Amino acid sequence: MAALFEFSPVFEHNGAVVLSPNGLLSCKSMGSHCVVMHVVETRTVGTFACEGQIHTLSFAPNSRLVMATCLKAKTIHIFDIENPEWDCTIREGALGLRQAQWAPDSVHIITISDFSIRLTIWSLLNRSGRYIDAPKSIACCAFTHDGKFACFVVRSECKDYALIIDCSTWEEVNRFQLASENCTKIKFSSVDHIFMVVDHPLQYGVYFYDLNGVQQGGYRAYENALGVRNAVWSPCGQLIAVGSCDQKIRIVNALSFQIVATLEHLSPVPVSENCVQYDQTKESVGLSAVALPHTRVYEAFQSDKYIELDMGPVVAKDASYCGINRIAWSPSSKLLASVNDSCPNYIWIWSIETLELLVVVKGLHNVGSFSWIPNCEGEERLLLVSGQPIITEVSLSGIKAHRIQAPTNCVKLLCSTSSKSIIVASDTHLHFGYFH
């Protein structure tokens, strides 16, 4: 079931690392410089200088432009990979810079100032800017899947309001109040113009609106307890997975906006005879790439009743890390992977068709990052890293570990939906990986 067949040599970095949407380019920060590399050819495409320490990097949706934010210098630098002589600098001035993101057209940039005083829509075509007062965070700014409309959540008189923007003119076309007490995230469906509003963690609330301001649905599972950690649309747009602090994922139907299933992450976990548990062995720690294929990295167990969770020495970072925040749909929307922050060394894979738990993987370290392999032919497979020089590949038919010749352990995994390449990174080094 091997999917990875080759790794690149190791490369150094000292900060941000991103993969372009088309999967062909990567960008890494080296102090005040950003270095763009070709992923397959492992060559440097360009090196660009910034005015200060780089905090974040991001590619434009067209994979041609790169944006580097320097928060302390209150500046944004944009570079053209195909035309190195062209560059753009945005200086936010006294209001400061908190966050920035690309618009879908790749020629507009959304920025939010310190203390959420102002949101600015910058144009790279005519150097103009449009201002919106009292925005929430970047997580409360979203675009429709076709890029025609944007929704920005603003705060006014201690209430949340949604501003609908026409992206052809960047003019406001609608404004309406939301049911949330303090919105923390919005996200549009991948197939229509319905967007989801997630309330703050102290109040369980998920609401759904169309562009006209009509509330299509809403759900509150309970009152007077910590609420939603994360909510994710499925790629098909028909389901929403809502992870909450009570260690459960609730599957919401995107047509009726009703709960269709509840996936519990509590011990003991009731399972069917189809569920398999894989436990990482202590002998796998520190193995070389030569010895790894000859050593059993994971042991398989099967139970027809319950699985007892045993965290051992692995614990959550602190009491605030509870519930289910990390959720990933498979490309087909048939499988769902999740991590419960209350037992962060376990990863769960659920079948959405049968609503059963199919795979549980127990590691010796906390799960760092995980992602489904995009454009995977045949059986869907999940990749995960957990602070070791090993990439674990999981599918319904088995599990396999791939050793990386990395000087330090891997905590970050980046995949592109348009490529068969990945980036595996630690805090100081990175590798490129290639699929069959």
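Note that this is a predicted model, so its numbers are computed, not measured. (Residues numbered from 1 in each chain as written. Predicted model: local features only at pLDDT ≥ 70, side-chain atom pairs only at ≥ 80, totals over all residues. Heavy atoms only, no water.)

Q: Whenever I open this one, the overall build of the protein confuses me. Can you help?
A: Along the protein, the regular secondary structure elements total zero helices and 41 strands. Taken against the 2.2 N^0.38 rule, which gives 22 Å for 436 residues, the C-alpha radius of gyration of the protein at 22 Å falls within 12% of a compact globule. With respect to the three principal axes, the spread of C-alpha positions in the protein is 60 × 50 × 40 Å. Counted over contacts in the protein with a minimum sequence separation of 6, partners at least 24 positions apart contribute 45%. Considering the protein, the positive charge centre built from 33 side chains and the negative charge centre built from 41 side chains are found 3 Å apart. (Helix = DSSP H or I, 4+ residues; strand = E, 2+ residues; numbered from the N terminus. Rg over C-alpha atoms; globule rule 2.2 N^0.38 Å. Contact = heavy atoms within 4.5 Å. Lys, Arg positive; Asp, Glu negative; His and termini not counted. Charge placed at Lys NZ, Arg CZ, Asp CG, Glu CD.)

Q: What is the right way to look at the sheet that holds strand S3 (residues 17-19) in this model?
A: Sheet strands line up and pair through hydrogen bonds in the backbone, either parallel or antiparallel. Taken in spatial order, the four strands of this open sheet run S3-S4-S5-S6, and their pairing is antiparallel. For this open sheet the edge positions go to S3 and strand S6 (43-49), each flanked by a neighbour on one side alone. On average, adjacent strands in this sheet sit at an angle of 20° to one another, irrespective of strand direction. Summarising the sheet, strand S5 (residues 33-38) and S6 pair through six bridges and their orientation is antiparallel. Paired with Met-37 across the two strands is Thr-44, which belongs to S6. (Pairing = 2+ DSSP bridges. Axes fitted to C-alpha atoms, helices over the stretch in contact; angles between N-to-C directions.)

Q: Help me out: how do you make sense of empty space enclosed by the protein in this one?
A: Gaps left between atoms show up when a probe the size of a water molecule is rolled over them. Taken as a whole and assessed by the stated rule, the structure comprises one cavity of 30 Å³ or more. There is about 40 Å³ of room inside the largest cavity. Classifying every residue of the lining of the largest cavity by side-chain character gives four nonpolar, four polar and one charged. (1 Å grid on protein atoms, 1.4 Å probe; cavity = no way out; pocket = protein on both sides within 12 Å on 5 of 7 lines; lining within 4 Å. Points joined across faces, edges and corners; volume = space filled by probe spheres on them. Nonpolar A, V, L, I, M, F, W, Y, C, P; charged D, E, K, R; others polar.)

Q: What exactly am I supposed to notice about the pattern of salt bridges here?
A: For side chains of opposite charge, pairing can occur when their charged atoms come near one another. Evaluated as defined, the whole model comprises twelve salt bridges. Taking the shortest distance from any N to any O, the salt bridge between Glu-51 and Arg-91 comes out at 2.3 Å. Here Glu-51, found in the loop between S6 and strand S7 (56-59), pairs with Arg-91, found in strand S10 (residues 87-91); they are 40 residues apart in sequence, far enough to count as distant. Classification of Arg-91 as exposed rests on a relative accessible area of 53%. Linking Arg-220 and Glu-223 is a salt bridge whose minimum nitrogen-to-oxygen distance equals 3.7 Å. What makes Arg-220 partly exposed here is its relative accessible area of 33%. (Salt bridge = Lys/Arg side-chain N within 4 Å of Asp/Glu carboxyl O. Buried < 20%, exposed > 50% of the residue type's maximum accessible area, 1.4 Å probe, protein only.)

Q: Hey, could you run me through the pairing of strand S23 (residues 228-233) in this one?
A: The two faces of the sheet receive side chains in turn, since in a regular strand these alternate between them. Counting buried positions along S23 yields five of six residues, so the element is predominantly enclosed. Two elements, S23 and strand S24 (residues 239-244), share five bridges in a ladder whose sense is antiparallel. Across the sheet, Val-232 pairs through a bridge with Ala-241, a residue of S24. Linking two consecutive strands that pair antiparallel, namely S23 and S24, is a turn of five residues; a positive phi of about 80° is found at Gly-237 within it.

Q: Please explain the packing of aromatic side chains as it appears in this structure.
A: Centre-to-centre distance and the angle between the planes together describe a pair of aromatic rings. Under the defined criterion, the tally for this structure stands at 13 aromatic pairs. Ring centres of Phe-176 and Phe-195 lie 6.3 Å apart, and the angle between their planes is 35°; on these two criteria the pair is classed as tilted. Of this pair, Phe-176 sits in strand S18 (residues 171-177) while Phe-195 sits in strand S20 (residues 195-198); the two residues are 19 residues apart in sequence, bridging distant segments of the chain. With respect to class, Phe-176 is no different from Phe-195; both count as buried. Ring pairing ties together the aromatic residues Phe-176, Phe-188, Phe-195 and Tyr-209, which thus form one cluster. (Phe/Tyr/Trp six-rings, centres within 6.5 Å; stacked < 30°, edge-to-face > 60°.)

Q: Would you mind showing me how to read the side chain of Ser-371 here?
A: On the secondary structure map, Ser-371 appears in strand S35 (residues 369-372). By relative accessible area, which is 17% here, Ser-371 ends up buried.

Q: How do you make sense of the state of the cysteines when you look at a structure like this?
A: Two cysteines form a disulfide when their sulfur atoms are joined by a covalent bond. What the rule picks out here adds up to zero disulfides. Cys-167 takes part in no disulfide bond, and the closest cysteine sulfur to it belongs to Cys-151, at a distance of 11 Å. Looking at the unpaired Cys-245, the closest cysteine sulfur is the one in Cys-322, lying at 4.1 Å. (Disulfide = S-S within 2.5 Å.)

Q: Help me out: how do you make sense of the pairing of strand S19 (residues 185-188) in this one?
A: The alternating pattern of S19 places Ile-186 and Phe-188 on a buried face, while none of Lys-185 and Lys-187, on the opposite face, is buried. In the sheet, S19 pairs with S20 via four bridges, with the strands oriented antiparallel. Opposite Lys-187, over in S20, you have Met-196 as the bridge partner. Taking the residues between adjacent antiparallel strands as the criterion, S19 and S20 are bridged by six residues.

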